[in-house]
Amino acid sequence: MNKISMIWIAVVAVLVIGGCSNETPLVENEPVNTSVQGLELSKQPQPEEKKEATPAGESDEASEDQSVAKVADPSPSVPASAENPTSQADASTSKEQGKDAVSSLKELSLISKTMEEVRQQLGEAKTTAKGGGFTSWQYDHPGKEGYHYPETAVSVDVQGLDSGSMKAQLMISFNENNLVDSYSIYHVVDGEIMVYRVTEAGAVEEPGQAD
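In this text the structure is predicted, and so the values were computed from the model without any measurement.

**Student:** Outline the side chain of glutamine 138, listing residues and values.
**Tutor:** Within the fold, glutamine 138 resides in strand 2 (residues 134–142). Contacts of glutamine 138, omitting those with residues within four sequence positions, involve Ala125, Lys126, Thr127, Tyr149, Ala153, Val154, Ser155, Gln169, Leu170 and Met171.

**Student:** How would you summarise the nonpolar core if you had to cite specific residues and measurements?
**Tutor:** Proteins that are soluble and globular tend to have nonpolar side chains buried together. Core analysis: the largest hydrophobic core is formed by 18 residues, its most contacted members being Trp137, Leu170, Ile172 and Tyr183. Listing elements by their share of this core, those giving two or more residues are helix 5 (86–106), helix 6 (115–122), strand 2, strand 3 (166–174), strand 4 (180–189) and strand 5 (192–199). Here the element with the most residues in this core is strand 3; it accounts for 4 residues. When neighbours within four sequence positions are excluded, tyrosine 183 is seen to be in contact with Leu108, Ser109, Leu110, Ile111, Leu170, Met171, Ile172, Tyr196, Arg197 and Val198.

**Student:** Break down unusual backbone geometry for me, with residues and values.
**Tutor:** In this structure, serine 112 is a non-glycine residue whose phi angle is positive, near 70 degrees. Relative to the helices and strands, serine 112 resides in the loop between helix 5 and helix 6. One non-glycine residue, aspartate 190, adopts positive backbone phi at about 55 degrees. Among the structural elements, aspartate 190 can be located in the loop between strand 4 and strand 5.

**Student:** Residue-level account of the pattern of salt bridges, with values.
**Tutor:** In the structure shown here, the tally under the stated rule is 4 salt bridges. Linking glutamate 124 and arginine 119 is a salt bridge whose minimum nitrogen-to-oxygen distance equals 3.2 Å. Exposure remark for glutamate 124: the relative accessible area of 60% places this residue in the exposed category. Each of Glu116, Arg119 and Glu124 takes part in one network of salt bridges that share partners.

**Student:** Please provide a residue-by-residue account of the pairing of strand 5, values included.
**Tutor:** Note that strand 4 and strand 5 share 7 bridges and pair antiparallel. Bridged to valine 189 within strand 5 is glutamate 192. Taking the residues between adjacent antiparallel strands as the criterion, strand 4 and strand 5 are bridged by 2 residues, where aspartate 190 takes a positive phi near 55 degrees. Relative to strand 6 (residues 202–207), strand 5 is paired through 6 bridges, and the arrangement is antiparallel. Bridged to valine 198 within strand 6 is alanine 203. If you look at the hairpin formed by strand 5 and strand 6, you'll find 2 residues sitting between the two strands.

Conventions adopted
Residues numbered from 1 in each chain as written. Predicted model: local features only at pLDDT ≥ 70, side-chain atom pairs only at ≥ 80, totals over all residues. Heavy atoms only, no water. Helix = DSSP H or I, 4+ residues; strand = E, 2+ residues; numbered from the N terminus. Contact = heavy atoms within 4.5 Å. Core = buried A, V, L, I, M, F, W, Y, C linked by side-chain atoms within 4.5 Å. Buried < 20%, exposed > 50% of the residue type's maximum accessible area, 1.4 Å probe, protein only. Salt bridge = Lys/Arg side-chain N within 4 Å of Asp/Glu carboxyl O. Pairing = 2+ DSSP bridges.

These figures come from the coordinates and say nothing about function on their own.
Here it is in structure tokens:
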């Protein structure tokens, strides 16, 4: 028994010694080079502060607004002829009104109309007269506002027509039946007083001072 026990002890001892010889010897961890790591950390870039960037669209719009403002700043120049157009406009308006008045009178169709029909169409006459079985009515068309021909008798305003104060005068003649027999329109053409006379036979225009 003692021999067997000794043999087992010897075997176990051999196995233990052999296993220990095959294990990798423990190696202590190498010290960390903290100085190098500290240097590398110090070289690492620090996070930069984010700056709010202006959107490209807003920048473009701002530049466009500035350019537009620069262009719009200068005050538009006004031609000298347009600074005071009142006198030119008044003269042009006066001529147009004169032509319109004469044209409108020439378009009338009064032959054989009754006094009442004429009155409804033209209103009350400025002056009236009777003589020799005929009745005459006079309608004035001033060329200047506020102008009034002072003559109370049926007559041509030669001075007013020459000066432009009177643009046209309409003289209507009624026969004994109180129907329009004829009518005349006095106006100025190229500085000369003309009379546009209408009868049953038609119309004719000729130089004239008065009937």
